[in-house]
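The chain contents come next:
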Amino acid sequence: MQKTIANVLKQDSFSKENIVQLLKSTGEEQEVLFSEALKVKLKHVGNCVYLRALIELSNICQKDCLYCGIRAGNKNVSRYDISDEEILHAAKFAYNRHYGSIALQAGERVDKQFTVRIENLLKRITKLSNNELGITISFGEQTKDTYQRWFDAGAHRYLLRIESSNKGLYQQIHPNNSNHSYDARLNCLQNLQDIGYQTGTGIMIGLPFQTYDDLANDLLLLKDFDVDMVGMGPFIEHRETPMYKYKKQLKSLHERFTLSLKMIAILRILMKDINIAAATALQAIDPFGREKAIKVGANVIMPNITPTQNRASYQLYQNKPCIDESASESANKIEEKITTQGSEIAYGKRGDSKHYFRRMND
Ligand code: 5AD
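What you see is a predicted model, and the numbers here were worked out from it, not measured in a lab.

Basis of the calculations
Along each chain, the written sequence defines residue order, and numbers are assigned to residues from 1. For a predicted model such as this one, the threshold for reporting local features is a pLDDT of at least 70, and the threshold for listing and counting side-chain atom pairs is 80 or more; totals across whole chains, interfaces and linings nevertheless cover every residue. Derived side-chain values reflect all non-hydrogen atoms in the structure, with water molecules and hydrogen atoms excluded from consideration. We define the nonpolar core as a collection of buried residues of types Ala, Val, Leu, Ile, Met, Phe, Trp, Tyr and Cys that are connected through side-chain atoms lying within 4.5 Å of one another. In this scheme, a residue with accessible area under 20% of its type's maximum is buried, one over 50% is exposed, and one in between is partly exposed, where area comes from a 1.4 Å probe on protein chains only. Segments assigned H or I by DSSP are reported as helices when at least four residues long, segments assigned E as strands when at least two residues long, and all are numbered from the N terminus. What makes two residues a contact is simply this: any of their non-hydrogen atoms within 4.5 Å. Whether a residue is near a molecule or strand is decided by its heavy atoms; if any one of them lies within 4 Å of it, the residue is near. A 3.5 Å cut-off defines polar contacts: any pair of N or O atoms within that distance qualifies, except that in protein one atom must be a possible hydrogen donor and the other a possible acceptor, and neighbouring residues in sequence count only when both atoms are side-chain atoms. Where accessible areas are quoted, they stem from the Shrake-Rupley method and a 1.4 Å probe; at the residue level, only the protein chains shown are allowed to cover. The classification used treats Ala, Val, Leu, Ile, Met, Phe, Trp, Tyr, Cys and Pro as nonpolar, Asp, Glu, Lys and Arg as charged, and all other residues, Gly among them, as polar. Salt bridges are defined as contacts in which a side-chain nitrogen from Lys or Arg sits within 4 Å of a carboxyl oxygen from Asp or Glu. Only protein atoms enter the calculation, which uses a 1 Å grid: trapped sets of points that fit a 1.4 Å probe without letting it out are cavities, open sets showing protein on both sides within 12 Å along at least five of seven lines are pockets, and any residue with an atom within 4 Å of a point is a lining residue. Grid points are joined across faces, edges and corners, and a volume is the space filled by probe spheres set on the points.

Asker: Give me the nonpolar core: which residues, what numbers.
Answerer: Counting residues in each nonpolar core, the largest one holds 102 residues, and the members touching the most others are Leu 104, Ile 137 and Phe 139. For this core, the element with the most residues is helix α10 (residues 253–270), which contributes 10 residues. In contact with Leu 104, not counting residues within four places along its chain, are Ile 55, Leu 57, Ile 87, Leu 122, Ile 125, Thr 136, Ile 137, Ser 138 and Phe 139. If you look at the next biggest cluster of nonpolar residues, it comprises 8 residues, including Cys 48, Tyr 50, Ala 277 and Ala 346.

Shown next, in the form of structure tokens:
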């Protein structure tokens with residue numbers, strides 16, 4: 001006979017089968033999972049939510065990921081590249097508001113003009129914030145040398161989602177060419193970890209062809225790889241991408257949402273002291289999506305401070321929330337929502353991953 005969820009949760013480690021059982025839990029059992037995850041979170045990382053002010057600095061992308069709205073092949077996107085001055089202005093805004101950290105993200109480019117520009121920007125942001133702001137970057141797959149240069153220039157966290165731990169599934173959701181290689185991506189993660197970044201990855205939840213076993217393996221990969229940070233959220237189909245054709249085969253948005261919360265809860269129990277972001281995609285499905293994630297284990301939120309005029313052009317998925325707001329509006333709203341549901345915002349704190357320091361000490 002299968003164990004109850006409460007008994008599974010008493011174990012020190014989980015098998016793939018245990019994780020699948022947790023993922024399939026419903027009703028009261030699901031609530032038991034959620035409350036255990038909250039308990040673990042409060043004990044190991046506390047009640048604080050750390051902010052990473054997100055600047056989506058360009059949607060120019062050389063990749064053609066079959067799920068992503070800003071893929072190179074989408075000719076309907078108007079491409080932008082925010083000026084250095086605007087980026088620095090946004091970073092200063094985050095610093096002045098005591099956000100603690102910023103996150104810089106863009107479509108993937110590996111040309112020298114881009115990599116050198118980012119290096120210079122990182123140096124200037126480090127300087128304008130007296131080396132106080134935490135800097136997370138997310139610029140896709142780069143050479144180890146580029147990662148090292150950016151690290152030396154002041155970035156100390158890197159997010160690169162593996163998207164799925166199932167290589168076959170990875171290949172189904174990407175074009176079949178050397179620019180979209182699963183092994184290369186994994187190798188990048190290894191390089192980031194070797195250089196000394198707080199290393200973050202994640203996956204999408206509710207992809208076509210994805211099974212419960214895949215999701216359980218995703219969590220086990222995160223644990224195996226000993227990552228410091230995770231951002232994962234629901235897959236949301238985008239009309240202007242090749243994967244839109246699977247729309248009818250997907251789980252409902254509501255199911256993808258709940259499954260995402262369960263993934264976060266299980267991950268928190270598996271990896272007690274990492275940082276887990278409440279993905280913005282959750283909020284494309286539920287107006288309180290991110291706050292609900294905070295209640296089941298997440299401890300990081302990324303308020304968008306991209307200049308309003310550019311936001312609509314950075315739609316990786318449809319119904320992206322907050323695209324018509326200003327940086328202050330997004331910030332005020334999110335700050336209010338977080339505090340009304342009982343968590344505390346850690347202003348002025350970088351909120352580095354505790355797991356990272358423990359890993360470095362070991
Ligand atoms: N739905 C949900 N997440 C998406 N991403 C890209 N496209 C989508 C989509 N359609 C996520 C990927 C990528 C991150 C920047 O955004 O996981 O790594």
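Asker: I'd like a description of the site of the ligand, backed by residues and values.
Answerer: Neighbouring the ligand are the residues Tyr 67, Cys 68, Arg 161, Glu 163, Met 204, Pro 234, Phe 235, Ile 236, Leu 316 and Tyr 317. Note that a nitrogen atom of the ligand is positioned 3.0 Å from one of the backbone N or O atoms of Tyr 67. Separating a nitrogen atom of the ligand from a backbone N or O atom of Leu 316 is a distance of 3.4 Å. Summarising the interface, the protein chains cover 87% of the accessible area of the ligand, which totals 410 Å² for the free molecule. Per-class residue counts for the shell around the ligand are 8 nonpolar, no polar and 2 charged.

Asker: Give me the environment of Ser 260: which residues, what numbers.
Answerer: Position of Ser 260 relative to the elements: it lies in helix α10. Taking the C-alpha atoms as reference points, Ser 260 and Gly 134, 126 residues apart in sequence, are found 27 Å from one another. Sequence-distant contacts of Ser 260, defined by excluding residues within four places in its chain, comprise Ile 205, Gly 233, Pro 234 and Leu 282.

Asker: Break down the pattern of salt bridges for me, citing the residues and quoting the values.
Answerer: When the charged atoms of two side chains lie near each other, side chains of opposite charge can form a pair. This model, assessed by the stated rule, comprises 26 salt bridges. Here Lys 247 makes a salt bridge to Glu 237, at a shortest N to O gap of 3.3 Å. Placement of the pair is Lys 247 in the loop between β8 (229–234) and α10 and Glu 237 in the loop between β8 and α10, with a sequence separation of 10 residues. Judged by its relative accessible area of 8%, Glu 237 is buried. The partner of Arg 350 in a salt bridge is Asp 352, with the nearest N and O atoms 3.2 Å apart. Arg 350 gets classed as partly exposed once you look at its relative accessible area, which sits at 27%.

Asker: Outline the layout of surface pockets, supporting the account with residue identities and numerical values.
Answerer: In this approach, a probe sized like a water molecule rolls over the atoms, and the result shows the empty space that is left. Empty space within the largest pocket amounts to approximately 270 Å³. Together, 15 residues line the largest pocket, and Leu 9, Gln 11, Asp 12, Ile 269 and Lys 272 are the ones closest to its centre. Only α1 (5–10), α3 (27–44) and α10 provide two or more residues apiece to the lining of the largest pocket. By residue number, the principal contributor to the lining of the largest pocket is α3, which donates 5 residues. Looking at the lining of the largest pocket residue by residue, the class counts come to 5 nonpolar, 3 polar and 7 charged.

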